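Residues per chain are reported as follows:
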Amino acid sequence: MKKLLLGTVLAGVVAIGAACSNNSSMQGHDMSNMNMKEENTAQDSSKKLPLATNTEVLSGKEINLTAKEALLQINDKVKLPVYTYNGSVPGAQIRVKQGDNVKIVLKNELPEPITIHWHGYPVPNDQDGVPGVTMDAIKPGETFTYEFTATVPGTYFYHSHQKSAEQVDKGLYGTLIVEPKNEEKVDRDYTLVLDEWMSNPDEGNMDMSGMDQHMSSMGHDMNMYDIFTINGKSGSAVKPLKVKKGEKVRLRLVNAGYMAHKLHLHGHEFKIVATDGQPLKDPQPIKDELLNIAPGERYDIEFIANNPGEWLLECHGDMEGTDGMKVKIQYEDQTNNTDKENAKENLPVVDMTTYGKYEVGSFTLDQKYDVEYTMDLGTAMGKNGMIFTINGKTYPDTAPINVKTGDLVKVKIVNNSPMDVHPMHLHGHFFQVLSKNGKPVTGSPLIKDSLNVNPGEEYVVAFKADNPGNWMFHCHDLHHASAGMVTEVKYTDYKSDYTPDPNDTTNKGE
Ligand SMILES: [Cu+2]
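Computed from a prediction, not measured in an experiment: that's the story for all the values here. (Residues numbered from 1 in each chain as written. Predicted model: local features only at pLDDT ≥ 70, side-chain atom pairs only at ≥ 80, totals over all residues.)

A. Geometry of the overall build of the protein chain. For the protein chain, the count of helices and strands is three helices and 35 strands. A total of 510 residues make up the protein chain; the buried ones form 50% of that total. In the protein chain, the proportion of contacts linking residues at least 24 apart, taken out of those at least 6 apart, comes to 79%. (Helix = DSSP H or I, 4+ residues; strand = E, 2+ residues; numbered from the N terminus. Buried ≥ 20, exposed ≤ 12 C-beta atoms within 10 Å, placed from the backbone. Contact = placed C-beta atoms within 7 Å.)

Written out as structure tokens, the structure reads:
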């Protein structure tokens, strides 16, 4: 295992390339962050936990991850007990090359069972990390080795799929970057992971009866998430991104939270070069448009640093936490211009179904499909609070999408929930988005594994059943998933070697 650049990189902000060799200024900044006040909010029960460290970048033949607890200093006031991979939130960044055989040895030092799911990555089914479906959860003290080949390049992430609504909420995630074989070098390559936190996590689990049921799901009210973060830090605690005039900058935006966030890059034209790791055809430069990033989605954007000063990448909206989700873009030695925050400014949102250049992709709306499935996403009142349904059922009673290897599959996804957004995520495959609300996609072929479906929206997507196994297809608002909104793509010609441990009652596919 080889560690790269560790001393100079803070919290998942990764800088590569020649331009980042000026380490002294970054180091100086790290030191000031390390001296943050600690006395304010540490709770007695969690005082013995170590402070979360900076996110490290790991590559090499064998990558070692340890899941363990820590205390995360989110801003100068709030410190929260978290779950981590390798002591940081986000966890260690795994950075490999296309074609590499990736071997990850995961040790569980947490007090409960965990897994890793490789979100968006087409791994073999037995490496997919879904407890009760592809493997038993890894118990405290145990070690498990994941192995797969890095077949496709791009930006991905990984997270626990065991009690994931809780464990991912506590920070148990990291990023997986697969560099293409023939990489066009950028000068700066930063990864920014978005998330939301509750400054008082205990209140988030209170009984929500009597409160606004539209906003609550199984006892979780989205308003409880009152702190928004980038790389585990909020507001002025977020480390600025350094650039130099003339540099080409890539930002890899990853949403590890349960809410969509609209981001605005100030002062620069940018291109969306990829989403969910998949490149877009001829992306056009855009400016002052909001990029809506839903749970589980990734967007890679690029811009040329051609406007010296200090600028913001900031979240737009009016939630309590909105204000904290912003990061400065600082031109080295040229920070004379100071940018203004404007989180409530009314700007258009990029429509990905018209973005980039149209060409016929692998699938069309009118071709013949072997399997067609309609997914009606709904909300209902259950015995213990809100339930989230697919065709009126909750997992494991939802009807699976039964396929056999080689089938072409078309899925219509309709959100009939009156208020709730459902970012739907398919494991093990990419799908092509063919239409939105009956209108065919007229931009670049849009290949994704996570698709945000707003109330009233209808999408048609298609994929080839080319990765045999049993694969989850679920909402990535993980509160919705744990309250039922999960189904499976099941290969009828796949015989799994895995038999769930009958004594393990924690294995529930989530
Ligand atoms: Cu949902």
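Still more ground to cover, so stick around.
B. Main features of the sheet that holds strand β21 (residues 298-304). With mixed pairing, the six strands of this open sheet are ordered in space as β14-β11-β16-β21-β18-β19. With partners counted over all chains shown, the strands left at the sheet margins are β14 (227-230) and β19 (278-279), one partner each. Note: strand β11 (residues 188-197) against β14, four bridges, orientation antiparallel. Counted as the bridge partner of Glu-196 is Phe-228 from β14. (Pairing = 2+ DSSP bridges.)

C. Just the pairing of strand β17 (residues 261-265), in detail. By the alternation rule, side chains of β17 split into His-261, Leu-263 and Leu-265, which are all buried, and Lys-262 and His-264, of which none is buried. With four bridges connecting them, β17 and strand β22 (residues 310-316) associate as antiparallel partners. When the bridges of β22 are listed, Leu-263 appears paired with Cys-315.

D. Highlighting the nonpolar core. Within the largest apolar cluster, 128 residues are counted, with the highest numbers of intra-cluster contacts made by Leu-176, Leu-194, Leu-253 and Val-461. Looking at this core element by element, the count peaks at six residues for strand β3 (residues 63-73). The residues touching Val-461, leaving out its near neighbours within four places in the chain, are Val-411, Ile-413, Phe-431, Gln-432, Val-433, Leu-434 and Leu-451. (Core = buried A, V, L, I, M, F, W, Y, C linked by C-beta atoms within 7 Å.)

E. Inspection of the sheet that holds strand β8 (residues 143-149) at higher detail. As summarised here, the arrangement of the four strands in space is β4-β3-β6-β8, forming an open sheet in which the pairing is mixed. Every other strand in the sheet has two partners, leaving β4 (79-85) and β8 as the edge strands with one partner each. Across the sheet, the mean angle from the axis of one strand to that of its neighbour is 25°, orientation sign disregarded. Sheet topology note: the strand β6 (residues 101-108)/β8 ladder contains seven bridges and is antiparallel. What sits directly across from Asn-101, in β8, is Thr-149. (Axes fitted to C-alpha atoms, helices over the stretch in contact; angles between N-to-C directions.)

F. Seen up close, the environment of Gly-385. Mapped onto the elements, Gly-385 comes out in strand β25 (residues 385-390). By C-beta crowding, Gly-385 is classed as partly exposed, having 16 other C-beta atoms within 10 Å. Measuring from C-alpha to C-alpha, the distance between Gly-385 and Ala-483 comes to 8.8 Å, with 98 residues separating the pair along the chain.

G. Seen up close, the environment of Pro-455. Within the element layout of this structure, Pro-455 appears in the loop between β32 (450-453) and β33 (458-464). Here the alpha-carbon distance between Pro-455 and Val-414, two residues 41 residues apart in the chain, equals 8.4 Å.

H. Quick look at unusual backbone geometry. With an omega of -5°, the peptide bond between Val-89 and Pro-90 qualifies as cis. Relative to the elements of secondary structure, Pro-90 occurs in the loop between β4 and β5 (93-97). Cis peptide bonds are those with omega within 30 degrees of zero, and the linkage from Tyr-395 to Pro-396 qualifies with 10°. Within the fold, Pro-396 resides in the loop between β25 and β26 (401-403). A positive phi is found at Asp-276, a non-glycine position, where the angle reads about 50°.

I. Summary view of the pairing of β21. In terms of burial, β21 is a largely internal element, six of the seven residues being buried. As defined by bridge partners, strand β16 (residues 248-255) adjoins β21 across seven bridges and the pair is classed as antiparallel. Among the inter-strand pairings, Lys-248 is bridged to a residue of β21, identified as Ile-304. Of the pairings in the sheet, the one linking strand β18 (residues 271-275) to β21 comprises four bridges and is antiparallel in character.

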